[in-house]
Amino acid sequence: KLGPKPFVKAPADRLSTVNCIEIPEGLDAGRVIANAYDKFNLEISGGLGGTAGKVFRIGLMGYNCTPRNVESVITAFEDGLKEQKFL
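In this text, all values refer to a predicted model and were calculated from it rather than measured experimentally.

Q: I tried to follow the sheet that holds strand β2 (residues 45–46) on my own but got confused; where do I start?
A: By definition, the strands of a sheet pair up through backbone hydrogen bonds, in either a parallel or an antiparallel sense. Spatial strand order, β1-β3-β2: 3 strands in an open sheet with antiparallel pairing. Two strands in the sheet have a free side with no partner beyond their single neighbour: β1 (18–22) and β2. Here 2 bridges tie β2 to strand β3 (residues 55–59), and the two strands are oriented antiparallel to one another. What sits directly across from S45, in β3, is R57.

Q: What should I look at first to understand the environment of F7 in this one?
A: Mapped onto the elements of the fold, F7 is located in the segment before β1. Placed 16 residues apart in sequence, F7 and I23 show a C-alpha to C-alpha distance of 8.6 Å. Apart from the residues lying within four places of it in its own chain, the contact partners of F7 are C20, I21, E22, T51, K54 and V55.

Q: Sorry if this is basic, but what is going on with the confidence of the model for the protein here?
A: Confidence along the protein averages 93 in pLDDT terms, with 99% of residues attaining 70 or more. Averaged pLDDT values over the elements of the protein bottom out at 93 in β3 and peak at 97 in helix α1 (residues 29–40).

Q: It is not clear to me how the environment of A76 should be interpreted in this structure. Could you clarify?
A: Assignment of secondary structure puts A76 in helix α2 (residues 67–83). The sequence separation of A76 and V32 amounts to 44 residues, and the corresponding C-alpha distance is 8.1 Å. In this structure, A76 is in contact with N35, A36, F40 and L42, ignoring residues within four places of it in sequence.

Here is what the cut-offs are and how they apply
Residues numbered from 1 in each chain as written. Predicted model: local features only at pLDDT ≥ 70, side-chain atom pairs only at ≥ 80, totals over all residues. Heavy atoms only, no water. Pairing = 2+ DSSP bridges. Helix = DSSP H or I, 4+ residues; strand = E, 2+ residues; numbered from the N terminus. Contact = heavy atoms within 4.5 Å. pLDDT = per-residue confidence, 0-100.

See below:
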């Protein structure tokens, strides 16, 4: 529905604790991250090392792994994508 794709293509190679989502070409990731924090009080991280500027990282452990928090992250991403006319 939102469009962005998993960074790691093979499901068997993905971590179960962190979801890495590709940053679509032309999207200002910093604006999406700032929007999530400013409007929704959510911290979404960018990539590290070789993935810097290429992915969003979303934790999937502990307190973050609740249906309510998953919906909050989806809502924040949707809002950030709409803000930049990606939806």
